[in-house]
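Here are the chains, one letter per residue:
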Amino acid sequence: MDTIKVKSSRRSELIEVTEQVEEIVVKNKVNEGACLIFVPHTTAGILINENCDPSVKEDILKRLNDLAPLSLNAYTHVEGNSDAHIKSSLVGTTLSVFINRNKIVLGKWQGIFFAEFDGPREREIFVNVISQ
Amino acid sequence: MDTIKVKSSRRSELIEVTEQVEEIVVKNKVNEGACLIFVPHTTAGILINENCDPSVKEDILKRLNDLAPLSLNAYTHVEGNSDAHIKSSLVGTTLSVFINRNKIVLGKWQGIFFAEFDGPREREIFVNVISQ
Amino acid sequence: MDTIKVKSSRRSELIEVTEQVEEIVVKNKVNEGACLIFVPHTTAGILINENCDPSVKEDILKRLNDLAPLSLNAYTHVEGNSDAHIKSSLVGTTLSVFINRNKIVLGKWQGIFFAEFDGPREREIFVNVISQ
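Residues numbered from 1 in each chain as written. Chains lettered and ligands numbered in written order. Predicted model: local features only at pLDDT ≥ 70, side-chain atom pairs only at ≥ 80, totals over all residues. Heavy atoms only, no water.

Draft legend 1. Summary view of the relation of the copies chain C and chain B. Relative to chain B, chain C is turned by 120° and slid 0.0 Å along the rotation axis, the superposed coordinates differing by an RMSD of 0.0 Å. Look at the turn and shift together and you get a three-fold axis relating the two. Relative to the rotation axis, the closest C-alpha in chain C is found at Leu90 of chain C, a distance of 3.3 Å. Little of the interface of chain C is mirrored in chain B, where only 7% of its interface residues again form contacts. (Least-squares fit on C-alpha atoms with pLDDT ≥ 70 in both. Contact = heavy atoms within 4.5 Å.)

Draft legend 2. Representation of the interface of chain A and chain B. Each partner contributes residues to the interface: chain A has 32 residues there, and chain B has 27 residues. Roughly 2400 Å² of surface becomes buried between chain A and chain B when both sides are summed, with 60% attributable to carbon and sulfur atoms. When the buried surface of chain A facing chain B is broken down by residue, Phe38, Thr42 and Ser89 of chain A rank first, second and third, together holding 23% of it. Summed over the shared surface of chain A and chain B, the number is 0 salt bridges. Looking at the side of chain A that touches chain B, the elements with two or more residues in it are β3 (32–38), α2 (54–67), α3 (82–91) and β8 (122–131) of chain A. Residue contributions to the side of chain A that touches chain B peak at 6 residues, all from α3 of chain A. For the side of chain A that touches chain B, the per-class residue count stands at 19 nonpolar, 11 polar and 2 charged. (Buried area = accessible area lost by both parts, 1.4 Å probe. Salt bridge = Lys/Arg side-chain N within 4 Å of Asp/Glu carboxyl O. Helix = DSSP H or I, 4+ residues; strand = E, 2+ residues; numbered from the N terminus. Nonpolar A, V, L, I, M, F, W, Y, C, P; charged D, E, K, R; others polar.)

Draft legend 3. How the structure looks around the relation of the copies chain A and chain B. In the superposition of chain A on chain B (RMSD 0.0 Å, axial shift 0.0 Å), the rotation amounts to 120°. When the interface residues of chain A are mapped onto chain B, a mere 6% of them are again interface residues, pointing to distinct binding faces.

Draft legend 4. Region of the structure containing the interface of chain C and chain B. Residue-level contacts link 27 residues of chain C with 32 residues of chain B. Taken together, the two surfaces of chain C and chain B that pack against each other cover about 2400 Å², and 60% of this comes from carbon and sulfur. For chain C, the biggest contributors to the area lost against chain B are Asp59, Arg63 and Phe98 of chain C; these three give 27% of the whole. At the junction of chain C and chain B, the tally comes to 0 salt bridges. Remark: the boundary between chain C and chain B carries 17 residue pairs in polar contact (both at pLDDT 80 or more). Breaking the side of chain C that touches chain B down by element, the ones donating at least two residues are β3 (32–38), β4 (44–50), α2 (54–67), α3 (82–91) and β5 (94–100) of chain C. Counting residues per element, the side of chain C that touches chain B draws most heavily on α2 of chain C, at 8 residues. The class makeup of the residues in the side of chain C that touches chain B is 15 nonpolar, 7 polar and 5 charged. (Polar contact = N/O pair within 3.5 Å; in protein donor to acceptor, adjacent residues only side chain to side chain.)

Draft legend 5. Region of the structure containing the sheet that holds strand β1 (residues 2–7) of chain C. Residues and elements named next belong to chain C. Taken in spatial order, the 5 strands of this open sheet run β1-β8-β3-β5-β6, and their pairing is antiparallel. The open sheet has two edge strands, β1 and β6 (103–105), and neither has a second partner. On average, each strand axis in the sheet is tilted by 35° relative to the strand beside it, whichever way the strands run. Bridging between β3 and strand β8 (residues 122–131) involves 6 bridges; their strand directions are antiparallel. By the bridge assignment for β8, Cys35 is matched with Val129. Seen against the sheet, helix α1 (residues 18–27) touches β1, β3, β5, β6 and β8 and runs at an angle of roughly 130° to β6. (Pairing = 2+ DSSP bridges. Axes fitted to C-alpha atoms, helices over the stretch in contact; angles between N-to-C directions.)

Draft legend 6. Expanded view of the nonpolar core. Counting residues in hydrophobic clusters, the biggest one holds 48 residues, and the most contacted among them are Leu64 and Leu90 of chain A, Leu64 and Leu90 of chain B together with Leu64 and Leu90 of chain C. Leu90 of chain A has contacts with Leu64 of chain A, Leu64, Leu67 and Leu90 of chain B together with Ser89 and Leu90 of chain C, leaving out every residue within four places of it along the chain. (Core = buried A, V, L, I, M, F, W, Y, C linked by side-chain atoms within 4.5 Å. Buried < 20%, exposed > 50% of the residue type's maximum accessible area, 1.4 Å probe, protein only.)

Draft legend 7. How the structure looks around the sheet that holds strand β5 (residues 94–100) of chain A. Residues and elements named next belong to chain A. Within the open sheet, the 5 strands sit side by side as β1-β8-β3-β5-β6. Their pairing is antiparallel. Looking at the sheet topology across the chains shown, the edges are occupied by β1 (2–7) and β6 (103–105). Neighbour to neighbour, the strand axes of the sheet diverge by 35° on average, direction disregarded. Of the strands in this sheet, β1, β3, β5, β6 and β8 are in contact with helix α1 (residues 18–27), which crosses β6 at around 130°.

Draft legend 8. Quick peek at the pattern of salt bridges. Evaluation of the coordinates by the stated rule reveals 33 salt bridges over all chains. Here Arg63 of chain A makes a salt bridge to Asp66 of chain A, at a shortest N to O gap of 3.0 Å. In this pair, Arg63 of chain A and Asp66 of chain A both sit in helix α2, 3 residues apart, roughly one turn of the helix. For Arg63 of chain A, a relative accessible area of 12% puts it in the buried group. On the basis of relative accessible area, Asp66 of chain A is assigned to the partly exposed category, the value being 39%. Across the pair Lys7 of chain C and Glu122 of chain C runs a salt bridge whose closest N-O atoms are separated by 3.7 Å. Of this pair, Lys7 of chain C sits in strand β1 while Glu122 of chain C sits in strand β8, placing them 115 residues apart in sequence.

Draft legend 9. Inspection of the confidence of the model for chain A at higher detail. For chain A, mean pLDDT is 97; residues scoring 70 or higher make up 100% of the total. Scored as a complex, the prediction yields pTM 0.98 and ipTM 0.97. (pLDDT = per-residue confidence, 0-100.)

Draft legend 10. Representation of α1 of chain C within the structure. Residues and elements named next belong to chain C. All buried positions along α1 are accounted for by Thr18, Val21, Glu22, Ile24 and Val25. All buried residues of α1 fall inside an arc of 160° around its axis, so they share one side. Exposed and facing more than 90 degrees away from the buried side of α1 are Glu19, Glu23 and Lys27. In the segment just after α1, Lys29 is the residue with positive phi, at about 50°. (Arc of directions from axis to C-beta.)

Structure follows, in structure tokens:
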């Protein structure tokens, strides 16, 4: 198991980690297989989306703010970050990508993003490479 | 493949199953690898979130009720549980966690929860342990 | 790695691909293991839900349209398909199912659906079969 360190600088932020995942695959010398990615946090997530136009990231984050607003009378969790817990469960904390010829397989426009919902913080991502 | 039995007592409920998953990993004597978790139901899901303060669970369930209300004029499914089907697809029915030294790897505050959206019912979770 | 070709005919559409996934499992002669499914697109997803009453699919798509409307003043992405990117991240682009006795394991009412959010288009799904 390998670990990627991520440092977020905003409360809500999509941080691309495609290169760091790629490096782990290369380091582990796995030619064919799968790469499992796991976020060990309850107010963050992991997702794959467009890494070309940065406005896509902003629109995703903005809409997630509508779906789980920062403040809602209905929230009971006293830490005041229920929105981040909800976003984490909407987006998910685990992902799998394929490895082909020692490279991760992604679509033309895809990047892997750590989704920070309660930053700024120092975070970790665990990566497990499974050989076929 | 192992099976965890879950009995829900409310229509909407997050039921922690971390210990049951852990037992399966121990029983299968897998030291390093991954554990895949699969929910064979269309009105339930599986998620990882905080297992410390129970108000987090309640806030997640409450907000999911806003995102997919029980009754909406737009729903056409006659069984009256469209909300549960929608929540299932938002939260997801599959999850993977890592195994390290015969234990599942979770963050400090994380627990694995079966997400009941159309209970009370008797449910199943399938678990598959992959050795590395 | 195998590829399933999908052709959508509407902007938003759930297209069942259970049979195509099953064929790949049979072709690869894997008796026990797991099947990873990956969508290499940023405006589409993959999900498991009911494949019996087609009204379930319609209710899911309709509610996703409410959660990520086609037009919102807040969107900044100039291509005009931010809703599809958001839906993709809500639903997810990756899935794993179990293989038991050379068949995929699904619940009684479950089917695997490619989720088109920016069609009509020709799309691909990657499938990776891992033997145990």
